[in-house]
Amino acid sequence: MEQVHLNIDGKDILTTSDRTILEAARENGIRIPSLCNEQRMEPYGACRICLVEVEGARGLLPACYTTVTDGMVVHTATEELIRIRRTILELILSDHPKDCMTCESTGSCELQDLAYEYGVKDARFRGEEHHYEVLADNPLIERDYDKCILCGRCIRICREVQGVGVYDFVNRGFDSVPGIPYDKPMMESPCEFCGQCVSTCPTGAITSIPSKGKGRSWQVEKVRTTCAYCGCGCQLDLHVREGEIVEVSSPLMVGPGQGNLCVKGRYGYSFVQHEDRLTTPLVRKGGDLVPAAWEEALGMVANHIREAMDDEGPDSVAFLSSARCTNEENYLLMKLARAVVGTNNVDHCARL
Amino acid sequence: MSTGGKNKLVLGYGTCGIAAGATAVKDALENELATGKYDAYLDIAGCMGFCFREPIVEVTDPDGRSVIYGDLSPKRVSRLLEAVAGGEVIEDWVVRRSDEPGAGEGDFLANQHRIVLRNCGNINPESIEEYISTGGYEAARKALTSMTPEELIDEVGKSGIRGRGGAGFPTGTKWGFARKAKGEQKYLVCNADEGDPGAFMDRSVLEGDPHAVIEGMIVAGYAIGATQAYIYCRAEYPLALKRLDIAIAACHEWGYLGQGIFGTDWDFDIKIKKGAGAFVCGEETALIASIEGKRGMPRPRPPFPANEGLWGKPTNINNVETLAAIPWIIANGGDRYASVGTEKSKGTKVFCLAGKVRRSGLAEVPMGYTLRQVIFDVGGGVREGKEFKAVQMGGPSGGCLPASLLDTLVDYDAITATGAIMGSGGMIVADSSTCMVDLARYFLSFTQEESCGKCVPCRIGTKRMLEILARICSGEGEPEDLERLDILAGDIKAGSLCALGGTAPNPVLTTLKYFRNEYEDHILRKKCTAGVCPALITLHIQEDICTGCGACAKICPVEAISGEKKEPHAIDADTCIRCKLCLSRCPEEAIYAE
Ligand SMILES: Cc1cc2nc3c(=O)[nH]c(=O)nc-3n(C[C@H](O)[C@H](O)[C@H](O)COP(=O)(O)O)c2cc1C
Ligand code: SF4
Ligand code: SF4
Ligand code: SF4
Ligand code: SF4
Ligand code: SF4
Ligand code: FES
Ligand code: FES
């Protein structure tokens, strides 16, 4: 990796040779729009909304796909570029339902944002529109390809990041659309229901069924937490509306998960407010489990451990920890076993 | 070529010949010859270029005099053989005779300059011995045993040859990039996808002279340092694939492919990859994806295949025609190749003449010819009774040029300056009966259908353009449509990911530029002056010519024509569905559309 000097829109920039023009621009506060690009995947170069002019290059280049070179001079907002971006947006909208009113993605839709920013209404180019059946063949993920802009992000995240490869494009040209081989329902595909495709879809084409109608992006409060399911420590944003968790997402490029989640982290949140959930420790009294205070419960556990140690020695005690705890918690439990109790009998559920 | 004291009959047995009935002619000839009555033997060859007179047979007598006959049929076989036996020439069937170059269609060949097609139609493509007898594989031997890769690249550079696949990139420079690219494993790919409608030069070369392509590949592989090569050929070319298979197998036997070829320690092999026939898979990055087993969709360049190609390795991709010229260049020297042509376009170019041209077929001409020379001197001009109107250069990615540009040179830059492109060499001729709006609509409908769907400008833009053109042709065009077409065409060209979208608007842009009046006729006057677009024409019968034979009335599917026997007939415009069946039926040509 080498250092690279370049100039974008008159601003001198120092970056490294592994950067794309888009990355270098954004890291320096210059906005270039994008639709098919997302940090978690390899660049793709399909939507053409990020086209920029590079002096000396033949034709316009996609900023998301082009790596920087030393001495490059880039223009991101010439008259021609703006005109092409508007045409692209108009073309997309010419085959798109103008359904923002009830669309799940309003407020978090990249297409809507760009149409707003560029002041584009679909007017000039009208013609045939696609009308696909909405696919809700499973409890979690709904696909409405009328809203698909064919950015390929769902296909690529599933293949490149998740390593599953549920989708690819089917048909060609104007009739291209993402699909599952042989039009199988998702339940019969290798889908893991991680919802990664939902998380990357820039529009309302792929959405989460459990969150449907439960809140716009500006109506929810996002509460950052760490996923409780395993020790990876993926960062979660709980979308909370009026005290209820309505959706879970993960902040892009943050924490160990870098914005990726598995099915448990993304969809396994109903336990949090489930009526069956334990809210206090239970202590068995006369055969029945009875709610107790932490003090009482932990005291009881401590007493039992001490009794066992006194009667049979420290090795009569064993500790089992959980993959759902953090490394720090597991470390502490190990310390408790080895240093406090004096036994090496410590294990972990992921080995069972 | 020696005929061994006998009369030699060579049947044109490429796809064009077979489609015209050469197989039945072959069977008939074999049956007759099997009787032993004639002192003659039969061989086959690829396309000689006279596609307009297939099936054809070239007869060479023991003195080396040759006569090419056309329009053969099984019925004509015994007459032919009798003439051959009697040393007679059947004047009426002559396409060309060596002793009278002006006879028949002789000037079709006389005006050509055949380097790539040097063997097509002259040798049996299924025989490596025949190829070798013309000096074949000497260039590869010379390259591998006495030249360094750098010397080879220099020689090809000197020849000035530019890629014949469409983009016209200098081949020597391209090889140099692949040579210099870092990587242990490199690949060579021969692009034999040939997807544009009306183009068949690569097929003809593969069917007529597969060894020339293979020899070119051996040289190219050695020059860039690739030991493995692929030929990406569409599955719709079964004969080309079969002949490639035969040729590759023969090369293995002769030690020209495989390990340690030509007695050197250089290994080189070729695999054939069949394509499923998508136009976009001829685009080099889509082609690579297709070989890798992925959906054939282009990706942006850079990185170029020379650095990141097949399976991420440095890869050089060349077109069939480019590769077929290489052995000639190595054998005769780059300077000799460069002595033909213009300053920046060297050598020769193969064109497929099609459409309303009299001699539709395959012709190789020197760069620097004028389009007029190609279409009139070689192609024989437009078919009888019609006037030349335009020529579509470069297939659906190219442009439509009017008569006023007929003196444009066959030269990459001169043609590009007109708004058309050299492309791969399709030349589709239009005459006064062609509607230019309809023609543009046809070509755009092809590219629109072949769009891979990856990028927005091409996927949706070409669709919207096509819808506008369809509206104009059906009489529903609005004046604003011309402006819409201009905007879309410009933004699709500038914004598309690959050259499919990048060139798709060319037929529309050039017809708008050179034939704008026809668009205006359609939109403002609701008239299709060429009499093509059904919604904008009415059919009439000229009273003074009509003899009242009633042929038109008989064929009309909707009974729109009436009239007394032997009296002039008339067409009821309200009933007529403008199918134009009557038009071609009338023996007096009394019916016209306007
Ligand atoms: C849509 C599209 C189709 C193409 N089809 C072909 C083809 O059928 N054959 C071909 O040789 N090149 C084709 N090309 C050009 C190739 O991408 C490439 O430039 C060429 O094979 C390079 O070989 P050359 O340098 O010998 O011309 C096509 C390009 C595009 C954009
Ligand atoms: S996907 Fe976006 S633009 Fe489309 S209807 Fe939904 S919010 Fe609106
Ligand atoms: S939910 Fe996950 S596995 Fe299923 S299709 Fe989406 S990304 Fe692929
Ligand atoms: S479904 Fe969404 S992510 Fe997938 S291609 Fe369509 S718009 Fe892109
Ligand atoms: S220009 Fe057309 S063929 Fe090329 S990548 Fe875009 S959609 Fe595909
Ligand atoms: S164009 Fe067709 S429908 Fe019209 S008169 Fe002729 S045959 Fe009949
Ligand atoms: S974001 Fe660059 S082409 Fe789509
Ligand atoms: S740890 Fe919860 S999603 Fe990965």
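Above this note sits the structure.
Residues numbered from 1 in each chain as written. Chains lettered and ligands numbered in written order. Predicted model: local features only at pLDDT ≥ 70, side-chain atom pairs only at ≥ 80, totals over all residues. Heavy atoms only, no water.

## Observations concerning the sheet that holds strand β11 (residues 235-241) of chain A
All names here are of chain A. Short version of the rule: A pair of strands is treated as paired once DSSP finds two or more bridges between them. Only DSSP runs of H or I with at least four residues qualify as helices, and only runs of E with at least two residues qualify as strands; both kinds are numbered from the N terminus onward. Every angle, taken between N-to-C directions, lies between 0 and 180 degrees, and every axis is a line fitted to C-alpha atoms, over only the stretch in contact when it is a helix.
Pairing in this open sheet of three strands is antiparallel, and the strands run β10-β11-β12 from one edge to the other. Either end of the sheet is taken by a strand with one partner, and the two such strands are β10 (221-226) and β12 (244-249). With direction set aside, neighbouring strand axes in the sheet form an average angle of 35°. With five bridges connecting them, β11 and β12 associate as antiparallel partners.

## Regarding the sheet that holds strand β2 (residues 11-16) of chain A
In any sheet, the strands associate via hydrogen bonds between backbone groups, in a parallel or an antiparallel arrangement. Residue and element names in this part refer to chain A. We apply this condition: Contacts: residue pairs with any heavy atoms within 4.5 Å of one another.
Pairing is mixed across the open sheet formed by five strands, whose spatial order is β2-β1-β5-β3-β4. Each edge of the open sheet carries a strand with a single partner, namely β2 and β4 (61-62). Where strand β3 (residues 51-54) lies against β4, two bridges are found, and the strand directions are antiparallel. The residue bridging L51 from the neighbouring strand is P62, located in β4. Against the sheet, helix α2 (residues 79-93) touches β3 and β5 (73-75), its axis set at about 160° to β3.

## Some remarks on the packing of aromatic side chains
Residue and element names in this part refer to chain B. Test applied: When the centres of two rings from Phe, Tyr and Trp lie within 6.5 Å, Trp using its six-membered ring, the rings pair. Their planes under 30 degrees apart give stacked, over 60 give edge-to-face, and anything left gives tilted. Think of it in three bands: residues with accessible area under 20% of the maximum for their type are buried, residues over 50% are exposed, and the middle band is partly exposed, with areas taken using a 1.4 Å probe on protein chains only.
All told, the structure shown has 19 aromatic pairs over all chains when counted by the stated rule. With 6.2 Å between their ring centres and 35° between their planes, F169 and F177 make a pair best called tilted. Of the residues examined, F177 reaches a relative accessible area of 44% and is grouped as partly exposed. A ring pair is formed by F376 and F388, whose centres lie 5.9 Å apart and whose planes are at 55°; its orientation type is tilted. On the criterion of sequence distance, the pair formed by F376 in helix α15 (residues 371-378) and F388 in strand β12 (residues 388-393) is long-range, its members being 12 residues apart. F388 sits in the buried class, given a relative accessible area of 11%.

## Side note on the interface of chain B and chain A
Put simply, the rule reads: Accessible-area loss on putting two parts together, using a 1.4 Å probe and summing over both, is the definition of buried area adopted here. Here, a salt bridge means any Lys or Arg side-chain nitrogen found within 4 Å of an Asp or Glu carboxyl oxygen.
On the side of chain A, 34 residues touch chain B, which itself brings 33 residues to the contact. The junction of chain B with chain A conceals about 2,700 Å² of combined surface from both sides, 57% of it contributed by carbon and sulfur atoms. A per-residue breakdown of the area chain B buries against chain A is headed by R295(B), R464(B) and D491(B), which together make up 22% of the total. Applying the counting rule to chain B against chain A returns three salt bridges. Between D491(B) and R83(A) there is a salt bridge, and its shortest N-O distance comes to 2.6 Å.

## Here we look at helix α7 (residues 294-312) of chain A
Spelled out, the test is: What a helix is expected to span follows from its residue count: subtract one and scale by 1.5 Å.
The end-to-end C-alpha distance of α7(A) is 27 Å, a good match for the 27 Å that 19 residues give at a rise of 1.5 Å each. At the C-terminal side of α7(A), G313(A) shows a positive phi close to 90°.

## Observations concerning a negative patch on the surface
Residue and element names in this part refer to chain A. Cut-off, in case you're wondering: A residue counts toward a patch only above 30% relative accessible area and without a salt bridge, and it is joined to like-charged neighbours within 9 Å or, for Val, Leu, Ile, Met, Phe, Trp and Tyr, to nonpolar neighbours within 5 Å. Note on areas: these come from Shrake-Rupley sampling with a 1.4 Å probe, and a residue is covered only by the protein chains present in the view. Asp and Glu are treated as the negative residues and Lys and Arg as the positive ones, with His and the ends of the chain left uncounted. A charged residue contributes its charge at one atom only: NZ of Lys, CZ of Arg, CG of Asp or CD of Glu.
Taken together, the side chains of E307, D310, D311 and E312 present a region of like negative charge at the surface. Along the chain, the position of E307 falls in helix α7. Assessed through its relative accessible area of 46%, E307 is described here as partly exposed.

Just geometry here; none of it tells us what the structure is for.
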